[in-house]
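What follows is each chain in one-letter form.
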Amino acid sequence: MADQGPRLTTAFGNPISDNQNSLTAGSRGPVLMQDYHLIEKMAHFNRERIPERVVHAKGYGAYGTFRLTRSLSEFTRAKVLTEVGKDVPMVARFSTVGGESGSADTARDPRGFALKFYTEEGNWDLVGNNTPIFFVRDAIKFSDFIRTQKRDPRTHLKPHWRRWDFWSLSPEAIHQVMFLYSDRGTPKSARFMNGYGSHTFSLWNDRGERHWVKFHFHTKQGIQNFSADEADEVAGKDPDYSSADLSTAIEQGDFPKWKVSVQLMPELDADTYRINPFDLTKVWPHGDYPLIEIGEMELNRNPENYFAEIEQSAFEPSNVVPGIGFSPDKMLQNRVLSYADAHRYRLGVNYQQIPVNQAKNADVQTYHRDGAMRTDGNHGAQVDYEPNSFGGPKQDPSFSEPPLRIQGDAGRYGWPGDDEDLYGQPKLFWTKVLDEGGRKRLVENIVTSMGDSPRHIQERMIAHWFKVHEDFGRGVAQGLGIDTAQAAAE
Ligand code: NDP
């Protein structure tokens, strides 16, 4: 054989003499069981797929840097938010939510905007979306909501009436539904969309002060979306359009950038602010809490191998560094638990050892041992319990977060409260944010999607649109051929 390139071996390094013909008794077979190379090849192939993510299965990503330009040292001790000018390496993964891992990038769907910063104080993950809000605000509704985006258990099809049934019975969703069916529901690619941490997090400093914080990433490439027709067409012609767009741009040295900003709210404001700042279905209006620019994020390196670096990347809101904390946001509270839980199922208990997930810039010292696929030496001879008298790693109280004030009686508190304005921010979105063309396309996109819904679901949903704005309700009703006077009176 020609000796071009390295020699082919088994997984254990034994040279392979023939990779084209299996070992058979005579030229017509049968195959001998001792052909361990053939068996290894097929056995590995049979096991190559790991479970795809339950949500956000279709994605793509890249590496880059975050550079702070304005220190937040008054608010936090986190080095990543106080050391100006330092490049912090990071990885990003962008995704659709409901489709399987081979589905089209341009589907109308929120986009995941997941970031992992490899800081010297450990990994900090911000697992956001391209929208500042979400459909539900209590994780107890999350799996029900996601099922409406997935396949019908009977037919394995994806009729839209399932989502409209759920949304019309979950009015807290309508703000995000309006984002989803607006132009920004079909971004061209990650390069042309904003990202939002979405949840309210907290920043705390050495003086024990806490501020609530929201993170915003504004694209410096400008917002670019596909029209509904274009998105459908591209889905057919090039379902991986957005993935290719990002990697091609990086390949060509055209590195995408985002302006990074925060909104900050003093801790006690939360008690009196007119909007519940921990409600994931509402924004903090910029007029009340202006954006403060703090830095820039740039993506500048493509992964070498998709499976190793992107499919196996694991982002989790529980990864915070000293100076950054959580908030009472009910969705965040559950995501802190369920993301790491999902990774342990999908990738295994030692998933933090996969190179893309490693805290590369921090000194990792734990008492975790063993478990499937342990590959890092398992801390060698180091003692595996704590406290111990053999110099094992110890807790450091200097990293204590200031106590969080919590009060209230345990109970299952219903949303919305009696005095809650569910339609105020959706109304602002309709009247103030969208222009006439944007409103028209929003109505058209909704009408198209609601076409397969039974009449009672359509009517229930239209009643919500009327509460947002009369023109909105009338537009959707007319589009669906429903008597507008009757719908308005619902
Ligand atoms: P502002 O006028 O200060 O902000 C409106 C924001 O809407 C813009 O800053 C922009 O956010 C976003 N926006 C602009 N065009 C579109 C579009 N076509 N589709 C989706 N979003 C768009 O007002 P407020 O802060 O008082 O918010 C008013 C309404 O704006 C809210 O009720 C909410 O519906 C929407 N909104 C508010 C955001 C916030 O964080 N306050 C963020 C996004 C939307 P961006 O700069 O992030 O692109």
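Because the structure is predicted, anything quoted here is derived from the model rather than measured.

Draft legend 1. Region of interest: unusual backbone geometry. Cis peptide bonds are those with omega within 30 degrees of zero, and the linkage from G29 to P30 qualifies with 0 degrees. Mapping P30 onto the fold places it in the segment before α1 (36–46). For the peptide bond that leads from E386 to P387, omega is 5 degrees, which places it in the cis range. Structurally, the position occupied by P387 is in the loop between α9 (330–346) and α10 (424–433). Residues other than glycine seldom take positive phi values, yet H56 does so here, at roughly 65 degrees. Examined against the element boundaries, H56 turns out to sit in the loop between α1 and β1 (59–68). Not every positive phi belongs to a glycine, and H379 is a case in point at roughly 65 degrees. Looking at the secondary structure, you find H379 in the loop between α9 and α10.

Draft legend 2. Representation of the packing of aromatic side chains in the model. For the structure shown, the criterion picks out 26 aromatic pairs. Ring centres of F66 and F117 lie 5.6 Å apart, and the angle between their planes is 65 degrees; on these two criteria the pair is classed as edge-to-face. Of this pair, F66 sits in strand β1 while F117 sits in strand β3 (residues 112–119), placing them 51 residues apart in sequence. With respect to burial, F66 and F117 carry one shared label: buried.

Draft legend 3. Up close: the pattern of salt bridges. For the coordinates displayed, the defined rule picks out 33 salt bridges. E296 serves as the salt-bridge partner of K220, at 2.6 Å between the closest nitrogen and oxygen. In this pair, K220 sits in the loop between β7 (210–219) and α5 (228–237) while E296 sits in strand β9 (residues 292–301), placing the two residues 76 residues apart along the sequence. Each of R210, E267, D271, E401 and R405 takes part in a single network of salt bridges with overlapping partners.

Draft legend 4. Focus on the UniProt feature "active site" (unreviewed entry) in the chain. In the numbering used here, UniProt assigns the "active site" (unreviewed entry) feature to H56 and N129. Maximum C-alpha separation among the annotated residues is 10.6 Å over a sequence range of 74 residues, consistent with a single clustered spot. Ignoring any residue separated from it by four or fewer positions in sequence, one finds H56 in contact with R93, S95, T96, V97, G112 and N129. Take N129: it is sitting in strand β4 (residues 122–129). Exposure remark for N129: the relative accessible area of 10% places this residue in the buried category. Setting aside residues up to four positions removed in sequence, N129 forms contacts with H56, R111, G112, F113, F134, N194, G195, Y196 and S198.

Draft legend 5. Representation of the layout of surface pockets. Its volume calculated, the second largest pocket comes out at about 1200 Å³. Taken together, 38 residues make up the lining of the second largest pocket; nearest its centre are G122, N319, A359, V364 and T366. Split into classes, the residues belonging to the lining of the second largest pocket amount to 13 nonpolar, 14 polar and 11 charged.

Draft legend 6. View of the nonpolar core. By size, the foremost hydrophobic cluster in this structure holds 42 residues, and its most contacted members are F135, W164, W167, I446, W465, F472 and V476. Put simply, the parts of the chain that give this core at least two residues each are α2 (142–149), α3 (161–168), α4 (174–181), α10, α11 (436–450), α12 (455–468) and α13 (470–479). Domain assignment of the residues forming this core places at least three in each of domain 1 (28–360) and domain 2 (423–490). With residues up to four places along the chain from it excluded, the contact list for F135 reads P110, F145, W167, E172, A173, Q176, V177, L180 and T281.

Thresholds, definitions, all that
Residue positions are given per chain, counted from 1 along the sequence in the order it is written. Predicted model: local features are reported for residues with pLDDT of at least 70 only, side-chain atom pairs are reported and counted for 80 or more only, and whole-chain, interface and lining totals are derived from all residues. Note that water and hydrogens are dropped before the side-chain values are worked out from all heavy atoms of the structure. In this text, helices come from DSSP runs of H or I with a minimum length of four residues, and strands from runs of E with a minimum of two, each type numbered from the N-terminal end. By convention, a stacked pair of Phe, Tyr or Trp rings (six-membered ring in the case of Trp) has centres within 6.5 Å and planes under 30 degrees apart, an edge-to-face pair has planes over 60 apart, and any other such pair is tilted. Between buried and exposed lies partly exposed: a residue is buried under 20% and exposed over 50% of the maximum accessible area for its type, with that area taken using a 1.4 Å probe on protein chains only. By convention in these notes, a salt bridge is any Lys or Arg side-chain nitrogen within 4 Å of a carboxyl oxygen on Asp or Glu. UniProt positions are given in the numbering used here, feature names are shortened, and annotations may be inferred rather than shown by experiment. Note on contacts: a residue pair is in contact if any heavy atoms of the two residues lie within 4.5 Å. Both cavities and pockets are sets of points on a 1 Å grid over the protein atoms alone; in a cavity a 1.4 Å probe fits but cannot get out, in a pocket the set is open with protein on both sides within 12 Å along at least five of seven lines, and lining residues sit with an atom within 4 Å of a point. Grid points are joined across faces, edges and corners, and a volume is the space filled by probe spheres set on the points. Ten residue types, Ala, Val, Leu, Ile, Met, Phe, Trp, Tyr, Cys and Pro, are classed as nonpolar, four, Asp, Glu, Lys and Arg, as charged, and the remainder, Gly among them, as polar. For this analysis, a nonpolar core means a set of buried residues of the types Ala, Val, Leu, Ile, Met, Phe, Trp, Tyr and Cys, connected via side-chain atoms within 4.5 Å. Domain delimitation in this document rests on an assignment produced automatically or drawn from a domain database.

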